[in-house]
Structures are given as structure tokens and as C-alpha cells.
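A structural walkthrough
The chain contents come next:
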Amino acid sequence: MRTMAKPREFIRFSPIRRVEHALVVVAFFMLVVTGIPQRFYESSWAITMVDWMGGLAQVRMLHRLFGIVFTVQFALHILHGLWIILIKRRTPAIAPNFQDVRDAILSFQNVTGSKKKEPKFGHFEFRQKFEYWGMIVGGSLMITTGLVLMNPTLLATFFPSELIPLSRVAHSNEAFLAFLVILFWHLYSVTLNPEVFPLDTSIFTGRISQARMKHEHPLEYEALVGTPPPEEKPTPKESCPEEGTGT
Amino acid sequence: MKIPLVKTARSEQEVIRGAYLSLAEFNLLFVNNDGERLPGKPDEQYVRIPLLLVPMVLVTLATFFMMFVPGLAIFGSLYFLFRKMVGKGLWFLVAPLALTTPCDGRALTPEEIQEANEECFFCHAESETYVQFHNGERIQIYIPPADYYRQDVHATEISCAECHVETVLGEKRQYTESWHPQIQLMEGIKEYRLKRDGLCQPCHEEQYESYEKSMHAKLIREGDQAPPVCTDCHPVHVMKSMKKNKKQVIQTCAKCHDEIYDQYQKSVHGREILKEGNPDVPSCVNCHAAHKIDDPRELAFHIDSPEICAECHADEELMDKYDLRSEVYETYLDDFHGVSIQFYQKTGKVEDSGRIEAVCVDCHGVHDIDRVHGEGGVVDRVYVDRMCNRCHEKIPGGFSSAWLAHYRPSPTKYPLIFMAKMFYGFFIPFTILGLAIHLFLHFRYYRAKMRGQKDEDHG
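Just so it is clear, the structure is predicted and the values come from calculations on it, not from any experiment.

Before going further, it helps to examine helix α3 (residues 56-87) of chain A. The end-to-end C-alpha distance of α3(A) is 45 Å, a good match for the 46 Å that 32 residues give at a rise of 1.5 Å each. Two residues or fewer after α3(A) comes A:Arg89, characterised by a positive phi angle close to 55°.

Another point: the nonpolar core. If you look at the biggest cluster of nonpolar residues, it comprises 17 residues, and the most contacted ones within it are A:Val50, A:Leu56, B:Tyr332, B:Ile341 and B:Phe343. Secondary structure elements with two or more residues in this core: α2 (44-52) and α3 of chain A together with α17 (299-313), α19 (328-334) and α20 (336-347) of chain B. Here B:Phe343 is in contact with A:Pro37, A:Gln38, A:Tyr41, A:Ala46, A:Ile47, A:Val50 and A:Leu56, once residues within four sequence places are set aside.

For any pair of aromatic rings, the description rests on two quantities: the centre-to-centre distance and the angle between the ring planes. A full pass over the atoms with the stated rule returns 15 aromatic pairs over all chains. Ring geometry for A:Phe130 against A:Trp185: centres 5.9 Å apart, planes inclined by 35°, an arrangement best described as tilted. Taken as a pair, A:Phe130 in helix α5 (residues 126-150) and A:Trp185 in helix α7 (residues 163-192) lie far apart in primary sequence, 55 residues in all. Summarising the aromatic geometry, the rings of B:Phe423 and B:Phe427 are spaced 5.1 Å apart at their centres and angled 15° between planes, so their arrangement reads as stacked. Taken together, the residues span about one helical turn, with B:Phe423 and B:Phe427 both in helix α23 (residues 415-458) at a distance of four residues.

With 47 residues of chain B at the contact, the number on the chain A side is 48 residues. Around 4300 Å² of area is buried between chain B and chain A when both sides are counted, 70% of it from carbon and sulfur atoms. Between chain B and chain A we count one salt bridge in total. Looking at the side of chain B that touches chain A, the elements with two or more residues in it are α19, α20 and α23 of chain B. Looking at the side of chain B that touches chain A element by element, the count peaks at 22 residues for α23(B). Class assignment for the residues of the side of chain B that touches chain A results in 25 nonpolar, ten polar and twelve charged.

With that settled, the discussion passes to helix α10 (residues 218-225) of chain A. Residue and element names in this part refer to chain A. Of all the residues in α10, the buried ones are Pro218, Glu220 and Tyr221. Buried residues of α10, viewed axially, fall in a sector of 160°; they line one side. Where α10 is buried, its residues touch β2 (9-11) and α9 (210-216). The positive-phi residue at the C-terminal boundary of α10 is glycine 226, with phi of around 105°.

In this section: the side chain of A:Asp100. Tracing the sequence through the fold places A:Asp100 in helix α4 (residues 98-112). Residues within four places of A:Asp100 in sequence aside, it is in contact with A:Ala95, A:Phe126 and A:Lys129.

Here we take up the pattern of salt bridges. Summed over all chains, the structure comprises 20 salt bridges over all chains. Between A:Arg60 and B:Glu357 there is a salt bridge; the shortest N-O distance is 3.8 Å. Taken together, the positions of A:Arg60 in helix α3 and B:Glu357 in the loop between α20 and α21 (360-364) put the pair across two chains. B:Glu357 carries the same exposure label as A:Arg60, and that label is buried. Note that A:Arg212 is salt-bridged to A:Asp200, the shortest N-O span being 3.0 Å. Of this pair, A:Arg212 sits in helix α9 while A:Asp200 sits in the loop between α7 and α8 (202-205), placing them twelve residues apart in sequence.

Right, let's get into the packing of helix α1 (residues 15-39) of chain A against α2(A). To characterise two packed helices, one gives the angle between the axes of the helices and the distance between these axes. All names here are of chain A. Where α1 meets α2, the axes come as close as 8 Å, and the angle between the chain directions of the two elements is 135°. With respect to α2, the axis of α1 lies oblique. As for the relative orientation of α1 and α2, their crossing is left-handed in sense. Along the contact surface, α1 presents Val33, Ile36 and Pro37, while α2 presents Trp45, Ala46, Met49 and Val50.

Moving on, we come to the pairing of strand β4 (residues 171-174) of chain B. Bridging between strand β3 (residues 165-168) of chain B and β4(B) involves four bridges; their strand directions are antiparallel. Looking at the pairing, B:Val168 lines up with B:Glu171 of β4(B).

Turning our eyes to something else, we now look at the side chain of B:Gln345. Relative to the helices and strands, B:Gln345 is located in helix α20. Separated by 2.9 Å, the side chain of B:Gln345 and the backbone oxygen of B:Ile303 make a polar contact.

What follows deals with a negative patch on the surface. Together, B:Asp315, B:Glu316, B:Glu317, B:Asp320 and B:Asp323 give the surface a local cluster of negative charge. Owing to a relative accessible area of 69%, B:Glu317 belongs among the exposed residues under this scheme.

Criteria and thresholds
- Residues numbered from 1 in each chain as written.
- Chains lettered and ligands numbered in written order.
- Predicted model: local features only at pLDDT ≥ 70, side-chain atom pairs only at ≥ 80, totals over all residues.
- Heavy atoms only, no water.
- Helix = DSSP H or I, 4+ residues; strand = E, 2+ residues; numbered from the N terminus.
- Expected span 1.5 Å × (residues − 1).
- Core = buried A, V, L, I, M, F, W, Y, C linked by side-chain atoms within 4.5 Å.
- Buried < 20%, exposed > 50% of the residue type's maximum accessible area, 1.4 Å probe, protein only.
- Contact = heavy atoms within 4.5 Å.
- Phe/Tyr/Trp six-rings, centres within 6.5 Å; stacked < 30°, edge-to-face > 60°.
- Buried area = accessible area lost by both parts, 1.4 Å probe.
- Salt bridge = Lys/Arg side-chain N within 4 Å of Asp/Glu carboxyl O.
- Nonpolar A, V, L, I, M, F, W, Y, C, P; charged D, E, K, R; others polar.
- Arc of directions from axis to C-beta.
- Axes fitted to C-alpha atoms, helices over the stretch in contact; angles between N-to-C directions.
- Parallel < 35°, antiparallel > 145°, perpendicular 65-115°, else oblique.
- Left-handed = near helix turned anticlockwise from the far one by under 90°.
- Pairing = 2+ DSSP bridges.
- Polar contact = N/O pair within 3.5 Å; in protein donor to acceptor, adjacent residues only side chain to side chain.
- Patch = residues over 30% accessible without salt bridge, like charges linked within 9 Å, V, L, I, M, F, W, Y side chains within 5 Å.
- Areas by Shrake-Rupley, 256 points an atom, 1.4 Å probe, with all protein chains shown as cover.
- Lys, Arg positive; Asp, Glu negative; His and termini not counted.
- Charge placed at Lys NZ, Arg CZ, Asp CG, Glu CD.

Here it is, written out as C-alpha cells:
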């Protein structure tokens, strides 16, 4: 999969991942737009938003629709992952390991200035893995609580009914948390982040430049090309995507 | 508002109207004011042509057709004759009372009023006399002066003739010794009262406007005669302020709404007010308003109704007095139903809500509302389950424990939910802090790198 597409570009994401991401973007955006006003029901802007989207009944309907879309995607993704692990007997690159913990500590020491050495990453760095697993854990919580709220009587036949208000508390708070993380972490690191500004396009095109590959994923580069990238001081010139892609 | 003595040139229409007015002066013709169609069948109910008029009209018509010019002359002279006889000047001569409407800035002293009323009491204090309507209903026109001056709030404020004004073809005429409208020609007392609807408006503008919006007024406009006008609830000649007298309010509404009264008097509110005379509990008008009575079957009323209960039940001071919890309203608003209700309240779009959310009265009852806990308490979990089942079909047993029973989650009440709230209460700010630190560190790191690069370039 990870072969050279063009001389100076690497394939980073397969088409299936790109489609998955695009669908998650749509579903997540719609869920936030229809869900956040339901959480902040006391604010006037929430009322305006609900009004604009055609009333509470319609907002709920849309929220559930995209919730189902998200659930189906989530299930397919998990099945696909299981198929890779169990049938194809391959370890996914996203699997966490102890190296990530060491990388995280080193990275923290680096940015705070206590150590000069920078960690080297493979296909996914620890932050990306953390975000992914956060999404998986948060997503399963959201799906479970969402399904409870969608059909409370069904839950009440098998479990204590007190889980229904609990689901409501968990659903709205977890959703807000996910929204904050996506907004301030994910969206920052792929758009406003000066290293990729204005937009990190690799999830849409599937490609990553050689310069960024050398700088951001040196271990993967080494595994693919056979030789480690030349010892370099990471400079803005090389890490800048516009210039990097062209060369 | 004085009625002008001299009229300017009239249009042809007004001349014809004037002719009818003239006939009305002699009670030959009974008409509604100025062509305004009151509900019902105005033609049948309000225009009554005495038999005498039939040959008169026939003769006039015959004359008119046989001899056009002389006919016109006769008709014209008849009109002017009538007009002159019953014109304002003549009327002034027979009416010693000043021509005024209430509340026009002129205030008669109580003595002057009493003097003006003398003329009325000349007959009306005489004996027990009645006026019988067409359908057999009778009203007393015997007004004992002593009782009247003692009981009625208006007795020292305005004179008899200021209320006893009849609108005839849009012209106001006060009752005098020589002129009374022929109310015995009316169908019944209700018709008389309906016709005089609006009489209270000049002084009680606010109340009248509210009343106009009420479902009582709406039903009357639609042609129903049963709903009350002012004087149905405020009894004439013994009129008193009902503001402080909740019992009287309840009895007034009970005159028509007797089934609801039966429920209400058994309820916790009804028992307190009717037996104990407790002024804290609501009477009919505290929830339904005194004049602007909305249709409680409408969705808008349903959706705004929690605020009615909240007026008292969210009042901490008042609830403490009876050992009730004042947080019931807020906790309701925080729960599933309350959240939806708030959306509907704020957007004002109740029609496209798709479904009706439960409000206070759906579980607690409306007029038969009773104690929840303690002596005579009606609410247990089985009861709540039954209430849930009214909207949520096929619920399993114990479904009601999804309802937090107006309690805030606390370590003792619903600890699981309390813990979840606490967890996120800490975790969300913690995450925000973490994200802020992350952004700050990343930015600092990047800046340092840029500086390092710059230094190298210089070096």
C-alpha cells in the first residue's frame, strides 16, 4: 500500500480511509450543529439555531438520522479493523504501544525545553493515536447513550431505568467534550497550525510530500525507502508544505 | 363626549338611517346599533317590527307607488315631522339629566348623583316589580335605594343614567322618565345583557380589552349566547370588588362551570380555600386570569402552563411556609419534558412541535390536584408509572425511575447521576485547560524553532 506514487510524494491514506474521513466529517458536523443547541437549550442562540433548522422536531429527527449514519460507519470501521487483525493477521499502525508513552514524555520535555532531542515517529505519532482512540472510546459512549435516548422504553425492559437520565448527562457532556477536542486540537493541528497552514490536505488527497514525510514520519520513511532520512535540523523551510510539495 | 346639537348636512344614507332612528324613538322599530351585526341571527333577534308598522309601510308604499310626487312629499314631511319631534332639542327638554358619559373628566359629587338618581328611584324604589322578557324570563327592576347605596361600589361614583344608556343606531341615549327602551320585546335577559356589552369599557378599558381577547368573548363573537358578559359575573346594583374575595370568585365561575367546581372543591387547593379560607391558594382567576381567559384546550396554553404553577410553587418563601420544595419548577425545566417545553415556549412555534410534552398538570391533575406526599398523598411509583403510560406506550415496569421526581441529583438522591455530573464538571474544564496549554506550548515551541533558525542564518 505504502509505495511511492510520484517521485517525491508518498501515499499516506488509502481511498477507504479518505472516504471514511469525509463521511465522519459530514456526520460529525451535522451532529454538532443539531446537537449543541439541544445541550445549550437555555441560550437564545440555541433557540435561533433550532428555529432556523425548522423546529425542535426536525432537529431531533436530523440528529437521530446522522447518529444512525455515524453508528453504521462506526460499526463498519470496527468490523474492518477486526478483519485486518483477525483474518489478515496484521497489526494496524494505529495500535498503541509503549513507544508512544516514551514519545509523549520526550515530546513534552522537548516542548518545555528540558531536552533538546526530538522524538521520531512512524506512520502515526502518539497524538494522532490518542485522538483516534479518544474518538473510538468517546464514539462508543455516544452511540450507546444515544441509542438509549432514542428508545428509552427498550432499555428499561432490560436495565434499570435510572440509566436513562444518566445517558442524558453522559451524552450531552461527552459530546461537548468531543466538540472541544475536535475544535481546539484536531482543527487547529490540521489548519491553523503554522506547520501545515492553511490546510493539511493529505487526508483528502491521500498523499504526503517527501519533505514532510522525512520530517514528520522519519521511521516510516526509513522503513519504506530503506535508508533513514539525512540528519537534519527541522526548519520551517523544509516543514512548510507548500514548498515541500513542489520540490 | 357631548352629542352635538346641530348636525351638518347629511348624506342620503344618513337620511334613511335617520328615518329608522325616528321610528325607533317611538318604539315602532327595534334595531341594533348602526348595522353592527352582533352574534346569532341579528335579523331575527334584534330587529322587531311591531304589527302596527306593517299597514303603515303598506300604506306608505301604496301611496308612494300610486302618486310618486305626492308620495315623496308625504314621506318627506313625515320624516321631517318625526325628526323634529324626537330631535335632540325636544329630547333635552324631557331629559333634565346632563348628557354625559362616565369617565369624561366630569365628576359629580355623591350628593349630585343621589339627586340625579331621585328621578329613577321615584319608580324603582316603589315595590317589587319585574320586567318580563319575550321568553318569560323576568328581571327585578326594584332597586332598594338603601341597599344599593350601601353595597354597590358605583353608587357614589356614577349616576343611574350614566350606565343606563341605550345605543340606538349608533347614537347614545340615556334612559329618562319618559324614555325607556322596550326591553320586554327582547328574547331574554341574555340578549339584553349582550346588547349592553361594552358599556363598562369607557372606565374599565384595560379589563374590557382583556375580556375581548378571552375565549368567552370569542365564543360570543362566534354566535354562542351562553358565555358571560361583564354583568353575568359582576352582579348589577350590588357590585363589589372581588379582588380580595376568592370565595366569591369561585362561586361566580361555579355558576356555569359546576362540574369543574365539584372537582376543585375536593382538591387540595379547593379544600384550603373553601373550608379554611386560606388566601395563599389559587382561586379560578389565579390560573385562568380574571378577564383574559384563554382556551385551556389550546396547545399554547398547555405549553405555557408550567409558568402558572411556578408563580407559587417556585416561590421559596411561600413554599417553605407549607413545607413544600420550591425547586420543583427548576428541576422540571432541567428534565426531558421541561427542556422541550422551553424550546416551544421560546420559539412560540407550538404547532410544528410534532408532539405534546408532559407539563405539571399531566401528572398532578388539573382541578382535582392533590397532595403528593404525606396525609392524603396520591403519588407513589406505581402512580408515576401509570402517568408515564399515558404518553409512553408499552412501558416496562419501573420505567418511572427514569424520572428524577423533581430532585436534584445529590450524593444521597440519584448518586450515579450526581457522580457523572461531577465527573464531567471536572473533566471538561480540565480538558479545556489541557487544550489551552497544548496550544500555548505548541506555539512557543514553534516560535523558538523560528528563532533558532533565524540565529543560525545570522551566524
